[in-house]
Amino acid sequence: MRQLIAGNWKMHGRLADVAAYAAALGQTPGHVDLLVCPPFPLLDRFSAALGGSVALGGQDCHAQAQGAHTGDVSASMLKDAGASYVILGHSERRENHGETNAEICGKTLAAMAAGLTPIVCVGETGTEREAGAAEEVVRTQLRHSLPSDFAGVVAYEPVWAIGTGKTPTEADVTAMHGAIRAALVAQLGAAGLTVKILYGGSVKPGNAASLLALPEVGGALVGGASLKAEDFLAIAAGAPGV
Ligand code: PEP
């Protein structure tokens with residue numbers, strides 16, 4: 001399976017940054033799929049600049065198709081602006097906006113209905129890991145965030161590794177990705193075998209190749225290091241070939 005290297009720009013970037021970044025992504029290594037998830041106002045400009053060579057995604061969407069939801073964006077609006085993916089349930093949304101697993105499930109259904117591929121994020125806090133509860137926390141998030149007909153991507157992002165420079169050990173990533181695969185199969189049947197599982201949390205050019213080579217790692221969700229095209233491409237270059 002080709003790996004997916006996804007960049008989450010979070011709340012960074014300006015329209016003026018798009019052209020140079022998109023041009024740099026012209027050097028994309030051919031053995032991986034690249035995805036950029038910029039803030040909403042940059043999507044349309046990115047879509048024109050990339051011309052379909054790199055996929056685009058949003059960072060959230062509402063569960064409803066339209067309506068009186070000030071400040072929100074629907075999945076079909078993302079699609080209209082050129083997105084084919086959407087990140088859902090990122091830990092910053094769970095924490096800063098109090099998003100629950102049930103709400104994330106509703107957003108996931110909306111994304112699928114609009115023809116977007118949802119990337120549903122799960123991951124434990126440092127306290128939960130120290131308490132030995134990491135796998136159970138992630139299994140619970142999967143059970144309640146994914147609809148029974150889920151078709152999309154899961155991103156394992158330990159909360160304590162996001163933006164901190166810390167990463168789990170290779171053994172911990174391997175164990176968690178194996179547990180996620182088992183949970184996906186238990187929940188979705190055979191469809192659970194083909195869901196890509198991304199690793200996210202302080203992925204950098206220097207650690208990407210070793211993380212991406214681990215079993216059941218189908219790519220990476222990259223925050224800070226995706227803001228510089230050079231670093232993002234170096235991470236992508238570290239993905240194993242098919
Ligand atoms: C993220 O926000 O999804 C993320 C993984 O961030 P970082 O790579 O900066 O840790």
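Note: the structure precedes this text.
Throughout what follows, the structure given in this document is the object of discussion. (Residues numbered from 1 in each chain as written. Predicted model: local features only at pLDDT ≥ 70, side-chain atom pairs only at ≥ 80, totals over all residues. Heavy atoms only, no water.)

A word on the site of the ligand
Near the ligand, the surroundings consist of 14 residues, among which Lys10, Glu157, Gly163, Ser202 and Gly223 are the closest. Backbone polar atom of Ser202 to an oxygen atom of the ligand: 2.8 Å apart, as the coordinates give it. The backbone of Gly224 places a nitrogen or oxygen atom 2.9 Å from an oxygen atom of the ligand. Judged by the fraction of its atoms near the pocket grid, the ligand is located in the second largest pocket. Taken together, the residues of the shell around the ligand break down into 4 nonpolar, 8 polar and 2 charged. (Near = heavy atom within 4 Å. Polar contact = N/O pair within 3.5 Å; in protein donor to acceptor, adjacent residues only side chain to side chain. 1 Å grid on protein atoms, 1.4 Å probe; cavity = no way out; pocket = protein on both sides within 12 Å on 5 of 7 lines; lining within 4 Å. Sits in = over half its atoms within 2 Å of the grid points. Nonpolar A, V, L, I, M, F, W, Y, C, P; charged D, E, K, R; others polar.)

What about helix H1 (residues 15-24)?
Owing to its 3.6 residues per turn, the α-helix brings residues three or four apart onto one side. Every buried residue of H1 is listed here: Val18, Tyr21 and Ala22. Down the axis of H1, the smallest arc covering the buried residues is 100°, so these residues share one side. For H1, the exposed residues set more than 90 degrees away from the buried face come down to Ala16, Ala19, Ala20 and Ala23. Packing partners of the buried residues in H1 comprise strand S2 (32-37), helix H2 (43-50) and helix H10 (229-237). (Buried < 20%, exposed > 50% of the residue type's maximum accessible area, 1.4 Å probe, protein only. Helix = DSSP H or I, 4+ residues; strand = E, 2+ residues; numbered from the N terminus. Arc of directions from axis to C-beta. Contact = heavy atoms within 4.5 Å.)

Observations regarding the packing of H1 against H2
Running from N to C, H1 and H2 cross one another at 25°; their axes reach a closest spacing of 9 Å. On the basis of the axis angle, H1 is roughly parallel to H2. H2 is crossed by H1, and the crossing has right-handed handedness. Within the contact between the two elements, H1 uses Leu15, Val18, Tyr21 and Ala22 and H2 uses Arg45, Phe46, Ala49 and Leu50. Across the contact of H1 with H2, the residue classes tally to 7 nonpolar, no polar and 1 charged. (Axes fitted to C-alpha atoms, helices over the stretch in contact; angles between N-to-C directions. Parallel < 35°, antiparallel > 145°, perpendicular 65-115°, else oblique. Left-handed = near helix turned anticlockwise from the far one by under 90°.)

That is the geometry; function is a separate question.
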